[in-house]
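Observations on chain architecture
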Amino acid sequence: MSKIAYIDNKPYVLQEGETIISFVRRYYSQNYIPTLCDAPNLDPFGACRVCSVDVALEQDGKTKTVASCHTPISEGMHIYPHSKNVQRLRKNIVELVLTDHPLDCLTCEVNGNCELQDVAAQVGIRKVRYPEGKNHLHYEKDNSHPYMTSDLSKCINCYRCVRACDEVQGQLVLSMSGRGFDNKITKGSNVSFSESDCVSCGACAQACPTSAISDVNESKSVKPAAQTTRTVCTYCGVGCNLEVSAISGEIVSIQAPFDAAVNQGHTCVKGRYAFKFYDHPERLRQPLIKKNGKFVEASWEETYDLIVSKLTDYRDNYGADSIAGISSSRCTNEENYLMQKFIRAVIGTNNIDGCARVCHSPTALGMQRTFGTGAATNSIEDLKHTSCILVIGANPTAAHPVTGAKLKQHAMQGKTTIVIDPRRTEMAKYATYHLALRPGTNVAVLNMLMYYIVTEGVADLDFIKSRTEGFDLFIEQIKKLDIDAMEAVSGVDRHLARKAAIAYAQAPAAMSFHGLGVTEHTQGTFTVMQIANLAMLTGNIGRKGVGVNPLRGQNNVQGSADMGVQPHQGAGYLDVTNPAVNNRYEQFYGVKVPQQIGYKIPEMFDAALAGKLKAIWIIGEDVVQTDPNTQKVIKAIESTDFVVVQELFMTETAKYADVVLPGASFLEKSGTFTNGERRVQRVNAVLPPVGNTKVDGQIIIDVMNRMGYKQADYTAEGMLEEISQIVPFFAGISWEELGKNGKQWPVAKNGKDTQILHLEEFKRGLGFFEYHDFAETPELTQHAKDYPYILTTNRVLEHYNCGAMTRRTSNVELCTEDALMINPKDAEKHFIKNGDFVCLESPRGKVDVKAKLTDEVNQGVLSTTFHFPEIMVNNITSDVHDTEAMCPEYKVVAVRIRKSKGMYKG
């Protein structure tokens, strides 16, 4: 029977776990009970007491006044939100707040969008009876930061900014100090925003009910002519929803919607603030053709004529396999689908690849071998239901900041957290167990964990028996593991490994998260299979709060792979060598399609150097700066007769092109992105393409039509309809049905989506156990003697991949250059001090980079980023790849170091 409570003596059904204010809001408006300290993404706090209501219980009939934001509702409770007593109390509270608040509303940046202003009007303030406080004009504005601002004279001590920093971001930068009128917000140890440890996520600014904390965009100010568009972020694979405000064709600010399933009103410095690249002076605005060694502007017609002429000539005279395409994980699903369709159906080759396969191909292949599908098994929402997390080869607080903040919150709450990473990352600092392995030894450490789970008798034998196969051979081999050897090669103490293994196995629910520190190794695929084996070994598959969850690097890595941007699988991961699949594609595309597997990106470069590849079309990938062994990449591009690059800026790769096509940013196009949890979300154009640029999908279609293949003009709705007919797990996806928060594939034809995979059985039927021994990378077996240090690459929070977008925003003021992390003891051996230039040399070449002395890396291990073209770190990375999926091994580079006199210019 339903439980009843009363609002103004009217009965309403209550729900378990509700507070009084949430109960009232379900039946009345959001602002029916005024409040100043409450926010949708913060825990109840009870600081302001403006939300007070009178409450009477049926048992005794006595009335008392309580704060509705944190008082639980109970059966039979009578609530009076606007009694005379409550009205007097609220008015008195707000008057007291206003005594210490400047009454300059007309000139305040949040005039018309100020919660204090709204509440004052709502409670009936017409004058303030109390004398003004002593501090309301005392504080100087803080404009020290590229993005964040503060004017603490406007602060009402609601603590919302402090709680946002603590509860949402977990950064603990803001606090309160002082008492009475001296009570104020403090940043760090009472320093400015720029001097503090602020990560510029903007959660505090969005939470602030006044303009006490804001940003340089004045994001909360009322802009009468502004139009707000909801879209999805272009940066990492988290897939944050954004509300973008624009006036007269200019973007003025970005906020994060509280009703977003992915990010719940939160985003990072890149998503919220790094958007001004879209109209940067260096943005490409017109097609360019290289004539006599120099780029000259050209019309679209001239450019299309040249491309069509060249590609037709090479296809007819050298065969379709003389042409290749590289698509982009920054583009929409629809555009990636079109690019692979163009290469297969128009050109007639499977030479199509992209960074999705480059960076996460071991994830797809390893999980496909073990489970039958290569995508995340669970949703990020499941963090609310897990008791243990395993983070391996990932630095999510920097590379996937919103998910990283949630993982960090899990660790900060004292829940079991296991981090396997050579670096002492931010997550590692909060971890219950940090296994600081030597780079390249993931397989050794995971074998140790599985050995202890088996030998300590904590494996889930019931799950193994009913849901898996291959276990008998697997357990036979795992029991033979040489623990001494694995401990020695990895540098991980066996006792620590044992404790971590038992903690993971005995947790009621455990989730794993892995990143490029898993995939970008010679044994990347085997490592992914081990992570999957670890989950099966402990029964952590097919329910809430468990699973194997890859952290996808770029915004649409998952989607571009789903759409067929790989040489061995077409749209929907269908095998291009299977005759039945080929027949299906041919009937759908209306032309013959190739049956042999095409070139992967490294094979494209080899083919170019061998004179076999004549033309390549590269969309949104700066392979010269981001692919390994830069000098080999440059030689391969120079050896290709005709190079088309489609980009936003003149990247390092675009400089070597014969034709440069100006594409559109995510702010200028519509389509869908698929985030790391398989969530397909709508990307909505905020502005038309700048200058004479075009939507990337339309550029591809224009060339398709000119080459004789009929394809309708680009619309997100139309392309998604086509995709839903050929990609099985998109069968029930349509533009309108996606709504605000998208759907997680597979989506059935009736529109029902899927939050958790492998509930009752795996895609392949039974999960497959397969053991693999640790094997040292050739990079070290061949070069460690002369190059004794190991370099591993990483990212920083402020930048993204090659930095083409973020370097053209104020993020460059927060992080100005690549730096080399080096342990102080290693630095001392080479007389290197913090800030000195270090000559970093490998068998491929050398670069000079500034030293950053830190204990974040162990002795013998170095780490740096590749965001800035001035350094070009990939000049020294190797040609070694994962043995199964050809993913480049960025994470183990044999190097030697010495102090340098300055940046190497050679």
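So, here's what we can say about the structure.

What counts and what doesn't
- Residues numbered from 1 in each chain as written.
- Predicted model: local features only at pLDDT ≥ 70, side-chain atom pairs only at ≥ 80, totals over all residues.
- Heavy atoms only, no water.
- 1 Å grid on protein atoms, 1.4 Å probe; cavity = no way out; pocket = protein on both sides within 12 Å on 5 of 7 lines; lining within 4 Å.
- Points joined across faces, edges and corners; volume = space filled by probe spheres on them.
- Helix = DSSP H or I, 4+ residues; strand = E, 2+ residues; numbered from the N terminus.
- Nonpolar A, V, L, I, M, F, W, Y, C, P; charged D, E, K, R; others polar.
- Core = buried A, V, L, I, M, F, W, Y, C linked by side-chain atoms within 4.5 Å.
- Buried < 20%, exposed > 50% of the residue type's maximum accessible area, 1.4 Å probe, protein only.
- Contact = heavy atoms within 4.5 Å.
- Pairing = 2+ DSSP bridges.
- Axes fitted to C-alpha atoms, helices over the stretch in contact; angles between N-to-C directions.
- Salt bridge = Lys/Arg side-chain N within 4 Å of Asp/Glu carboxyl O.
- Expected span 1.5 Å × (residues − 1).
- Phe/Tyr/Trp six-rings, centres within 6.5 Å; stacked < 30°, edge-to-face > 60°.
- Lys NZ or Arg CZ within 6 Å of the ring centre and 35° of its normal.
- Polar contact = N/O pair within 3.5 Å; in protein donor to acceptor, adjacent residues only side chain to side chain.

A full pass over the atoms with the stated rule returns 15 cavities of 30 Å³ or more. Each pocket or cavity is described by its volume, and for the largest cavity that value is around 610 Å³. In terms of lining residues, the largest cavity is bounded by 42 residues, among which Leu516, Gly517, Glu520, Thr793 and Lys891 are the most central. The set of elements that each furnish at least two residues to the lining of the largest cavity consists of helix H9 (355-370), helix H10 (396-399), helix H18 (516-519), helix H23 (623-626) and strand S32 (789-793). Residues of the lining of the largest cavity, tallied by class, amount to 17 nonpolar, 17 polar and eight charged.

The nonpolar side chains of a soluble globular protein tend to be buried with one another. With 66 residues, the main nonpolar core has Phe342, Trp617 and Phe730 as its most contacted residues. Sorting elements by how many residues they give to this core places helix H8 (residues 333-347) first, with eight residues. Other than its neighbours up to four places away in sequence, Phe730 contacts Asn333, Asp562, Met563, Thr674, Val680, Leu720, Ile723, Ser724, Trp745 and Val747. Residues Leu435, Leu437, Met486 and Met536 belong to the second largest nonpolar core, which totals 57 residues.

Moving on to the sheet that holds strand S12 (residues 250-255). Spatially, three strands are ordered S10-S11-S12 in an open sheet, and the strand pairing comes out antiparallel. Taken across any chain shown, the strands that pair with only one partner, and hence form the sheet edges, are strand S10 (227-232) and S12. In this sheet, neighbouring strand axes are inclined to one another by 30 degrees on average, regardless of whether the strands run parallel or antiparallel. Here S10 pairs with strand S11 (residues 241-247) via six bridges, running antiparallel.

The computed volume of the second largest pocket comes to approximately 900 Å³. Here the residues of the lining of the second largest pocket sort into 10 nonpolar, 12 polar and 10 charged.

Another point: the pairing of strand S26 (residues 642-647). The buried fraction of S26 amounts to six of the six residues, a majority that puts the element mostly inside the structure. Side-chain alternation along S26 places Phe642, Val644 and Gln646 on one buried face and Val643, Val645 and Glu647 on a second face that is also buried. Here strand S25 (residues 615-619) pairs with S26 via five bridges, running parallel. Bridge pairing in S26 places Trp617 opposite Val644. Here four bridges tie S26 to strand S27 (residues 659-662), and the two strands are oriented parallel to one another.

Applying the stated criterion to the full structure yields 43 salt bridges. Put simply, Arg330 and Glu647 hold a salt bridge, and the shortest N to O gap is 3.1 Å. You can see Arg330 sitting in the loop between strand S15 (323-327) and H8 and its partner Glu647 sitting in strand S26, a full 317 residues away along the chain. For the pair Arg330 and Glu647, one class covers both residues: buried. Here Glu722 makes a salt bridge to Lys341, at a shortest N to O gap of 2.7 Å. Residue Glu722 is located in helix H26 (residues 716-726), and its partner Lys341 is located in helix H8; the two are separated by 381 residues in the primary sequence.

This brings us to helix H19 (residues 524-537). When the terminal C-alpha atoms of H19 are compared, their 20 Å separation across 14 residues agrees well with the 20 Å that a helix rising 1.5 Å per residue should span. Most of H19 is tucked away: 14 of the 14 residues are buried. Remark: Gly539 follows H19 within two positions and exhibits a positive phi of approximately 70 degrees.

A few words on helix H13 (residues 442-455). Compared with an ideal rise of 1.5 Å per residue, which puts 14 residues at 20 Å, H13 spans 20 Å between its outermost C-alpha atoms and is within 8% of the ideal. Here H13 lies mainly inside the structure; 13 of its 14 residues are buried. Where H13 ends, the next residue or the one after it, Gly457, has phi of about 70 degrees, a positive value.

It is worth spelling out the pairing of strand S36 (residues 861-864) at this point. For a regular strand, side chains alternate in direction, first toward one face of the sheet and then toward the other. Residues of S36 alternate between two faces, with Val861 and Ser863 on one and Leu862 and Thr864 on the opposite face, all of them buried. In this structure, S32 lies alongside S36, joined through four bridges in parallel fashion. When the bridges of S36 are listed, Leu791 appears paired with Leu862.

Evaluation of the coordinates by the stated rule reveals 22 aromatic pairs. Ring geometry for Tyr12 versus Tyr27: centroids 4.5 Å apart, planes at 40 degrees, classification tilted. Taken together, the positions of Tyr12 in strand S2 (residues 10-13) and Tyr27 in helix H1 (residues 20-27) put the pair 15 residues apart, joining distant regions of the chain. Under the relative-accessibility criterion, Tyr12 is labelled buried at 17%. Grouped by ring-pair contacts, the aromatic residues Tyr12, Phe23, Tyr27, Tyr28 and Tyr32 constitute a single cluster. The ring of Trp745 carries the charged tip of Arg678 above its face, separated from the ring centre by 6.0 Å. The cationic tip of Arg808 hangs over the ring face of Phe649; the distance from NZ or CZ to the ring centre is 4.1 Å.

Time to look at the side chain of Ser490. Position of Ser490 relative to the elements: it lies in helix H16 (residues 483-490). Classification of Ser490 as buried rests on a relative accessible area of 1%. A distance of 3.2 Å separates the side chain of Ser490 from the backbone nitrogen of Val492, its partner in a polar contact. Sequence-distant contacts of Ser490, defined by excluding residues within four places in its chain, comprise Ala436, Leu437, Arg438, Thr441, Ala444, Val445 and Met448.

Now for unusual backbone geometry. Omega for the bond connecting Trp745 with Pro746 falls within 30 degrees of zero, at 0 degrees, which places this linkage in the cis form. With respect to the helices and strands, the residue Pro746 is situated in the loop between strand S30 (743-744) and strand S31 (767-768). The backbone phi angle of Leu172 is positive, close to 60 degrees, even though this residue is not glycine. Its location among the elements puts Leu172 in the loop between helix H4 (160-169) and strand S7 (174-177). We classify Leu172 as partly exposed; its relative accessible area is 47%. Here Met886, not a glycine, exhibits a phi torsion of approximately 60 degrees, which is positive. Relative to the elements of secondary structure, Met886 occurs in the loop between S36 and strand S37 (893-899).

Below, the discussion takes up the sheet that holds strand S29 (residues 679-683). Taken in spatial order, the three strands line up as S28-S29-S30 in an open sheet, and their pairing is antiparallel. The strands lining the two open edges of the sheet, one partner per strand, are strand S28 (671-674) and S30.

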